[in-house]
Amino acid sequence: MTSAQVDNGQGGRQAVEVADAGPAGEGYQRALGARQIQMIAIGGAIGTGLFLGAGKAIAKAGPSLILAYAVAGLVIFFIMRALGELLMYRPVSGSFSEYAREFIGPFAGFVTGWTYWLFWVVTGITEVTAAAQYMTFWFSIPQWVSALIFTIILYGVNLISVKLFGELEFWFSMVKVTAIIGMILICAGILTLGFSDAGDTASVTHLWSDGGFFPHGIKGTLMTLQIVMFAFLAVELVGVTAGESKDPKTVLPKAINTVPWRIAVFYVGALIMILSVVPWTEFSPGISPFVAAFEKMGLGLGAGIVNFVVLTAALSSCNSGMYSTGRMLRDLALNGQGPKFFTRLTRSGTPLVGTTFSAALMLVGVWVNYQWPGDAFTYVVSFATISGMWAWIMILICQIRYRRLADRGTLPQSAFRAPGAPYSSVFALAFIAVVVVMMGIDKDTRISLYCAPLWAALLGISYVVLKARNPENKAFAKN
């Protein structure tokens, strides 16, 4: 923590400038512009959870999945506005772990940094798993072969400048956004004009006539919350880009404020259209509802196009994962909470060692696909969800503590205050607690709760060892 962060009455701008000059910001290039940040923010919420995971969720909840996405989307908005308030107070590349160190303590920062790194490694495995499944739409090749090839290619792509990374993600996101909007328009055309094989039966009455809006009861809807929340994981990625954004105080609030409409359009709107054209009873777990919808419509070419789009979405998310893991490892290393060799950058400002190490671990996904090609997605999704939600919990707790200090005048006020806080943040924390309980009830996702204590124990032991070896390191001192 810098002195500007603790001096009473200091201006917010001074705190930002000092923080940016600190360890977490050294060596990076502020090369991400407004256009790129906006599309990274939009595209971050459109990935495997929507394109593939929604198939299983539809089978479990039916049309009520629409309500689950809407309520969860509101919670995500609260989380993102809490993050936005912290980012305007101090935009740093280390983001979540930096705030955890400042407002909770060094151990919280240590756990948050390493857990968020693990989340993206596991998510990378998830996305590679999904991409391998998508390839079976065209080719009869083992999933593990596709997973291996994709991991190697994305690792090579990631060793580029951050500006080029931003440009690639811009176009990846543009493809996803265009595809979903196109699908919504096609479904709207079928509902109004009646063309395609589904034209005669398409109707909004499918939302309540095939067993009702809650065909499996409220419990069935609650049991999908883990899948729903997984779909939103990565929206916080915009916080990781703060240290490399050209104008974070202007760009980041605009990106965060797009959350409500992108959730309304890409999740709620898309599902309403799909489930109106094709009855929910005709969708199967493990099959992308977007691909299945086009096949039911008799638009075979459209199904192939959508499969290509969802393949792009999965690879885009994995690419973002490699971007995040390298930077999180470097932040930990710069703060003395990770090996020093993770601080090494390429000439273009890319964290070479951290990215390489993370990509190597993502190859575990190849083995997962080889061992359990049918169950791989469920296993990795459940563990990714519990580790990713830890970052959200830390964001909310840090925002509550920051707001308390700012209201006292101990810290400068943020120019982007979260509406309804701290009550909105408390509500979001309670909702996450419900999701964790549902994960414990579901036998398919319970495994992640078994793994979480093991990971916590490993982090606790590692922290004690590092602190004992470096007793003078300020990273282990209380604020």
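See the structure shown above.
Residues numbered from 1 in each chain as written. Predicted model: local features only at pLDDT ≥ 70, side-chain atom pairs only at ≥ 80, totals over all residues. Heavy atoms only, no water.

Asks: Requested: an account of the pattern of salt bridges, with residues and values cited.
Replies: Summed over the entire model, instances satisfying the criterion amount to seven salt bridges. When the shortest N-O distance is used, the salt bridge between Glu 102 and Arg 90 registers 3.0 Å. Remark: Arg 90 occurs in the loop between helix H5 (65-89) and helix H6 (95-103) and Glu 102 occurs in helix H6; sequence separation between them is 12 residues. The two residues Glu 102 and Arg 90 agree in class, both being buried. For Arg 101, the salt bridge identified is with Glu 98, shortest N-O distance 2.7 Å. Within this pair, Arg 101 and its partner Glu 98 are both found in helix H6, separated by three residues, close to a single helical turn. Each of the two residues, Arg 101 as well as Glu 98, counts as buried. (Salt bridge = Lys/Arg side-chain N within 4 Å of Asp/Glu carboxyl O. Helix = DSSP H or I, 4+ residues; strand = E, 2+ residues; numbered from the N terminus. Buried < 20%, exposed > 50% of the residue type's maximum accessible area, 1.4 Å probe, protein only.)

Asks: Can you lay out the environment of Thr 178 for me, pointing to particular residues and giving the numbers?
Replies: Mapped onto the fold, Thr 178 is located in helix H9 (residues 162-193). The exposure class of Thr 178 is partly exposed, given its relative accessible area of 47%. Within the structure, the side chain of Thr 178 is placed 2.7 Å from the backbone oxygen of Met 174, a separation counted as a polar contact. (Polar contact = N/O pair within 3.5 Å; in protein donor to acceptor, adjacent residues only side chain to side chain.)

Asks: How would you sum up the packing of aromatic side chains? Please name residues and give values.
Replies: As enumerated under the stated definition, the model contains 21 aromatic pairs in all. With a centroid separation of 5.1 Å and 40° between ring planes, the pair formed by Tyr 69 and Tyr 267 is classed as tilted. Of this pair, Tyr 69 sits in helix H5 while Tyr 267 sits in helix H15 (residues 259-277), placing them 198 residues apart in sequence. Tyr 69 gets classed as buried once you look at its relative accessible area, which sits at 0%. The interplanar angle of 85° and the centroid separation of 5.1 Å between the aromatic rings of Phe 213 and Phe 214 together place this pair among those described as edge-to-face. Looking at Phe 213, the relative accessible area reads 29%, which means it is partly exposed. Overall, Phe 214 belongs to the partly exposed group, its relative accessible area being 32%. An aromatic cluster is defined as three or more aromatic residues linked by ring pairs; in this entry it consists of Trp 114, Trp 117, Phe 341, Phe 342 and Phe 357. When the ring centre of Phe 416 is taken as reference, the NZ or CZ atom of Arg 81 above it lies at 3.9 Å. (Phe/Tyr/Trp six-rings, centres within 6.5 Å; stacked < 30°, edge-to-face > 60°. Lys NZ or Arg CZ within 6 Å of the ring centre and 35° of its normal.)

Asks: Requested: an account of H9, with residues and values cited.
Replies: Its 32 residues place the ends of H9 46 Å apart at the C-alpha level, agreeing with the 46 Å of an ideal helix rising 1.5 Å per residue. Immediately beyond the C-terminal end of H9, within one or two residues, lies Gly 194, with a positive phi of roughly 75°. (Expected span 1.5 Å × (residues − 1).)

Asks: Please set out the nonpolar core residue by residue, giving values where relevant.
Replies: By size, the foremost hydrophobic cluster in this structure holds 141 residues, and its most contacted members are Leu 65, Tyr 69, Ile 76, Ile 79, Trp 114, Phe 232 and Trp 392. With residues up to four places along the chain from it excluded, the contact list for Ile 79 reads Trp 392, Ile 395, Leu 396, Ala 428 and Ile 432. (Core = buried A, V, L, I, M, F, W, Y, C linked by side-chain atoms within 4.5 Å. Contact = heavy atoms within 4.5 Å.)

Asks: Mind laying out the environment of Glu 282, listing which residues take part and the relevant values?
Replies: Mapped onto the elements of the fold, Glu 282 is located in the loop between H15 and helix H16 (289-297). Taking the C-alpha atoms as reference points, Glu 282 and Ala 59, separated by 223 residues in sequence, lie 8.7 Å from one another.

Such coordinate-based values are descriptive only and should not be taken to indicate function.
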